[in-house]
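Structural features, examined
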Amino acid sequence: MIIIQLNQRQQKIIEIVKQNQPITSENIASMLNVTRATLRSDLAILTMTGILDARPKVGYFYTGISQINLLGNDIKEKQVGDIMGMPVVVKKDVSLYDVIVEMFLSDVGSIFIIDDEENLCGVVSRKDLLKATIGGLDINKMPIGMVMTRTPNVVTAERDESVILAARKIIEHEVDSIPVIETDKERNITKVVGRISKTNITKLFLEIVGE
């Protein structure tokens, strides 16, 4: 069994956050005299292990957990397909109202939108739906395709992708989940076959550390 300890930069990040929370990644990078891109993997690990908490447009907080030992080989070998959950998908012509109902019945933060050929064409989050309702749109008549985030601006993962890489994408793009896709070459479409979220990844870490 290989135990991975936090590296020196990760420990410095924790100290900076403790003393300056809430603090943005830009400010952390500035204090360490590195680029924001350099810190992405460190922040992803610290957030997904629960040592730090990240809030969009606010910054990073220290949770009070001093350190978590990770089982290196187990984490590195895990792929998205090992832990992904079932996706919630709707057709792009479904009304805003029906999508809102589906989101709360399914208890998810994002719903993936497909066309009549089952091809991924967008994603909609709770924030998107809130903006649409505040904007005065007729939620019973407006199709979800009018307010969704469209491909290719949708962040995705694949079954054989590492969980660590998927975690980085979730943290970097400040989303709660991303669709797992599979290309159907015969039909030339991108199908949604799963969903990976912060919850999936957090459960994996807890399983590995034996909690």
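Above: the structure in question.
Residues numbered from 1 in each chain as written. Predicted model: local features only at pLDDT ≥ 70, side-chain atom pairs only at ≥ 80, totals over all residues. Heavy atoms only, no water.

To continue, consider the overall build of the protein. Secondary structure summary: the protein contains nine helices and eleven strands in total. Computed over its C-alpha atoms, the radius of gyration of the protein comes to 19 Å, within 12% of the 17 Å expected for a compact globule of 211 residues. Taking the principal axes of the C-alpha coordinates as reference, the protein spans close to 55 × 40 × 30 Å. Counting only residues that meet the buried cut, the protein has 41% of its 211 residues in that class. Taking all contacts inside the protein whose residues are at least 6 apart in sequence as the whole, residues at least 24 apart take part in 59%. In the protein, 25 positive and 28 negative side-chain charges are present, and the distance between their average locations comes to 5 Å. (Helix = DSSP H or I, 4+ residues; strand = E, 2+ residues; numbered from the N terminus. Rg over C-alpha atoms; globule rule 2.2 N^0.38 Å. Buried < 20%, exposed > 50% of the residue type's maximum accessible area, 1.4 Å probe, protein only. Contact = heavy atoms within 4.5 Å. Lys, Arg positive; Asp, Glu negative; His and termini not counted. Charge placed at Lys NZ, Arg CZ, Asp CG, Glu CD.)

Turning to its location among the elements, N200 is positioned in helix α9 (residues 198-208). A polar contact of 2.8 Å, which involves the side chain of N200, links it to the backbone nitrogen of S197. Setting aside anything within four residues of it in sequence, one finds N200 in contact with I83, G85 and R195. (Polar contact = N/O pair within 3.5 Å; in protein donor to acceptor, adjacent residues only side chain to side chain.)

This next bit is on the packing of aromatic side chains. Overall, the coordinates contain zero aromatic pairs when judged by the stated rule. Positioned above the aromatic ring of F104, the side-chain terminus of R126 is 5.8 Å from the ring centre. (Phe/Tyr/Trp six-rings, centres within 6.5 Å; stacked < 30°, edge-to-face > 60°. Lys NZ or Arg CZ within 6 Å of the ring centre and 35° of its normal.)

Turning next to the pairing of strand β10 (residues 177-184). Every other side chain in a regular strand lies on the same face of the sheet, so the side chains alternate between the two faces. In terms of strand pairing, strand β9 (residues 157-158) meets β10 through two bridges, oriented parallel. Its bridge partner being in β10, A157 is matched across the sheet by V180. Sheet topology places β10 next to strand β11 (residues 189-197); eight bridges connect them, and they run antiparallel. Residue pairing in the sheet places T183 in a bridge with T190 of β11. (Pairing = 2+ DSSP bridges.)

Turning to helix α2 (residues 25-32), a few remarks are in order. Owing to its 3.6 residues per turn, the α-helix brings residues three or four apart onto one side. By the burial criterion, the buried members of α2 are S25, I28, A29 and L32. Summarising the axial view, the buried residues of α2 lie within an arc of 100 degrees, below the 170-degree limit, and thus occupy one face. Turning to α2, the residues buried within the fold contact α1 (8-20), α3 (36-48) and β3 (59-62). N33, located one to two residues past α2, shows a positive phi value of around 60 degrees. (Arc of directions from axis to C-beta.)

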